[in-house]
Amino acid sequence: MRWNEQFCADKRLLAAVALALAAYAALSSSVTSQSRLRLTGVNIAGAEFGTALPGRPGTDYFYPSPQTIDHFAAKGMNTVRLPFRWERIQPALGAPLEEAEFERLDSAVHRGLAQGMTVLLDVHNYAAYRKQPIGSTAVPVDALADLWGRLAARYKDKPGVVFGLMNEPKGLPTETWLAAANAAIAEIRRRGARNLVLVPGNGWTGAHSWLGGGYGTANAAVMTKISDPAHHFAYEVHQYLDADFSGTHPQCQSETIGAEKLKAFTDWLRQRRRKGFLGEFGAGAGPTCLAALEAMLAFIDRNADVWLGWTYWAAGPWPRDYFTSLQPIDGEDRPQMAILEKHLAPRTRERLP
């Protein structure tokens, strides 16, 4: 009788432990699903190349080849950031999109979507059109809204397409950039598009200078006023690791420089319950740079409650000696790829907060 009572007590204890473990597993799964990166991939440069406007496609500038898109999809990347020039897709402000150019863009978009990737459209213009800044007499603030309204009308039924409003705004007041960004978002939503919008800051949108850095009023003070009727946007920053954070030098400052420079922006996001996206970063293949890439991506992983993810700069038809290039050489991956692969998000596409 005593043995039977003890056996029943042990069964009850084991059942309670099993129930507790199941509850813990469910909680852990829930936390993980809410605190993991969603978008991890690569910029595929080329369509923004060249000073000739419009230039010759395939000679002066290049949209991503199907083989390049397929390669990075096969590596497990779930996102491609696709730079292109405003002047080529819309040769005159306020005019319809240039259909042949749009077809070239759209072909690359659909190749990425067909591979299960999210495609991030990147107007790679530094907040200018034909070298005239947004907000000038030549380029009124609502010009960007007109462009994005036309693009939104084409892609509003494709949730796998993300709208990157502008690459690295510079040369204008932060307040002017805010007005242009808000006008573009308003027009995107007016056209019925609910796609995720990525909003950069002024001053090259550097994470290291988000709280202030010689480009006008700090992004941290102004960009809190972004207005999105759909509440479906995130802030895009860039962060290079060389001496002046420009991404033009193969040496990195230290093994921790990336993580250090993302911290203030990460805290700013968390305090405001906003999301961030690292649209560009890159480094050389030396040991300090590889360690810095590892530390920066690990930092983002640890702060996935506020980071949607990242796209490395860059793949595409760069010269073989371009030091941040991720384009394989003779079928061999660059050293940076091994670091990135350790931090890739799942391939499942889902609606982003």
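Right above here is the structure, for reference.
Residues numbered from 1 in each chain as written. Predicted model: local features only at pLDDT ≥ 70, side-chain atom pairs only at ≥ 80, totals over all residues. Heavy atoms only, no water.

K.L.:
Hey, could you go over the overall build of the protein chain for me, with residue numbers and the actual values?
P.N.:
Counting secondary structure elements, the protein chain contains 10 helices and 10 strands. By element, 56% of the accessible surface of the protein chain is carried by carbon and sulfur atoms, the whole surface being about 15,300 Å². (Helix = DSSP H or I, 4+ residues; strand = E, 2+ residues; numbered from the N terminus. Areas by Shrake-Rupley, 256 points an atom, 1.4 Å probe, with all protein chains shown as cover.)

K.L.:
Mind laying out empty space enclosed by the protein, listing which residues take part and the relevant values?
P.N.:
All told, the structure shown has one cavity of 30 Å³ or more when counted by the stated rule. Approximately 30 Å³ is the volume found for the largest cavity. Lining of the largest cavity is provided by 13 residues; of these, Leu 241, Asp 242, His 249, Gly 282 and Ala 283 occupy positions nearest its centre. Across the lining of the largest cavity, the residue classes tally to seven nonpolar, five polar and one charged. (1 Å grid on protein atoms, 1.4 Å probe; cavity = no way out; pocket = protein on both sides within 12 Å on 5 of 7 lines; lining within 4 Å. Points joined across faces, edges and corners; volume = space filled by probe spheres on them. Nonpolar A, V, L, I, M, F, W, Y, C, P; charged D, E, K, R; others polar.)

K.L.:
Run through the pattern of salt bridges, naming residues and quoting values.
P.N.:
Taken as a whole and assessed by the stated rule, the structure comprises 18 salt bridges. With a closest N to O distance of 2.8 Å, Glu 187 and Arg 190 form a salt bridge. In this pair, Glu 187 and Arg 190 both sit in helix 6 (residues 174-190), three residues apart, roughly one turn of the helix. Among the salt bridges present, the one from Asp 267 reaches Lys 263, with a minimum N-O distance of 2.8 Å. Taken together, the positions of Asp 267 and Lys 263, both in helix 8 (residues 257-272) and four residues apart, correspond to about one turn of that helix. According to the relative accessible area criterion, Lys 263 is partly exposed, its value standing at 44%. Linked by salt bridges that have partners in common, Arg 81, Asp 122, Glu 236 and Glu 280 make up one network. (Salt bridge = Lys/Arg side-chain N within 4 Å of Asp/Glu carboxyl O. Buried < 20%, exposed > 50% of the residue type's maximum accessible area, 1.4 Å probe, protein only.)

K.L.:
Describe helix 2 (residues 66-74), with residues and values.
P.N.:
An α-helical segment advances 3.6 residues per turn. Residues three or four places apart therefore align on the same side. Along helix 2, the positions that sit buried rather than exposed are Thr 68, Ile 69, Phe 72 and Ala 73. Seen from one end, helix 2 has its buried residues packed into an arc of 135°, which puts them on one side. Relative to its buried face, helix 2 has exposed residues pointing more than 90 degrees away, namely Gln 67 and Ala 74. (Arc of directions from axis to C-beta.)

K.L.:
So what about the sheet that holds strand 1 (residues 39-44)? Which residues, and what values?
P.N.:
Pairing is parallel around the closed barrel formed by eight strands, whose spatial order is 1-2-3-6-7-8-9-10. Between one strand axis and the next, the sheet turns through 25° on average, direction left out of account. One ladder, built from three bridges, connects strand 1 with strand 2 (residues 79-84); its direction is parallel. Opposite Val 42, over in strand 2, you have Val 80 as the bridge partner. Sheet strands touched by helix 5 (residues 142-155): strand 2, strand 3 (118-123) and strand 6 (161-164). Its angle to strand 6, the strand with the most contacts, is close to 175°. Running over the sheet, helix 6 touches strand 6 and strand 7 (197-200) and is turned about 170° from strand 7. (Pairing = 2+ DSSP bridges. Axes fitted to C-alpha atoms, helices over the stretch in contact; angles between N-to-C directions. Contact = heavy atoms within 4.5 Å.)

K.L.:
Outline the environment of Ser 136, listing residues and values.
P.N.:
For Ser 136, the location among the structural elements is in the loop between strand 5 (132-133) and helix 5. Put simply, Ser 136 and Leu 172 are 36 residues apart on the chain and 8.9 Å apart in space, counted from C-alpha to C-alpha. Within the structure, Ser 136 has its side chain in polar contact with the backbone oxygen of Pro 133 (distance 2.7 Å). (Polar contact = N/O pair within 3.5 Å; in protein donor to acceptor, adjacent residues only side chain to side chain.)

K.L.:
Hey, could you go over the pairing of strand 3 for me, with residue numbers and the actual values?
P.N.:
Within strand 3, six of the six residues are buried, leaving the element largely enclosed by the surrounding structure. Here strand 2 runs beside strand 3; their pairing, made up of six bridges, is parallel. Its bridge partner being in strand 3, Val 80 is matched across the sheet by Val 119. Examined bridge by bridge, strand 3 and strand 6 share four bridges and lie parallel to one another. Residue pairing for strand 6: Val 119 is matched across the bridge by Val 161.

K.L.:
Please provide a residue-by-residue account of the pairing of strand 7, values included.
P.N.:
Residues Val 197 and Val 199 point to one face of strand 7 and Leu 198 and Pro 200 to the other, with burial holding for every one of them. By the bridge criterion, two bridges tie strand 6 to strand 7 in an arrangement that is parallel. Directly across from Phe 163, in strand 7, lies its bridge partner Val 197. Traced from strand 6 through helix 6 to strand 7, the parallel crossover comes out right-handed. Two strands pair when backbone bridges link them, and strand 7 and strand 8 (residues 233-238) are joined in this way by four bridges, in the parallel orientation. Considered in strand 8, the bridge of Val 197 is made with Phe 233. (Right-handed = clockwise from strand over helix to strand, strands pointing away.)

K.L.:
Requested: an account of unusual backbone geometry, with residues and values cited.
P.N.:
Between Leu 53 and Pro 54 the backbone carries a cis peptide bond, its omega angle lying at 5°. Here Pro 54 is to be found in the loop between strand 1 and helix 2. Here the residue pair Trp 313 and Ala 314 is connected by a cis peptide bond, since its omega of 0° sits within 30 degrees of zero. As for its placement among the helices and strands, Ala 314 is situated in strand 10 (residues 307-315). Phi at Tyr 126 is positive, roughly 60°, even though this residue is not glycine. Tracing the backbone through its elements, the reader meets Tyr 126 in the loop between strand 3 and strand 4 (128-129).

By themselves these figures say nothing about function.
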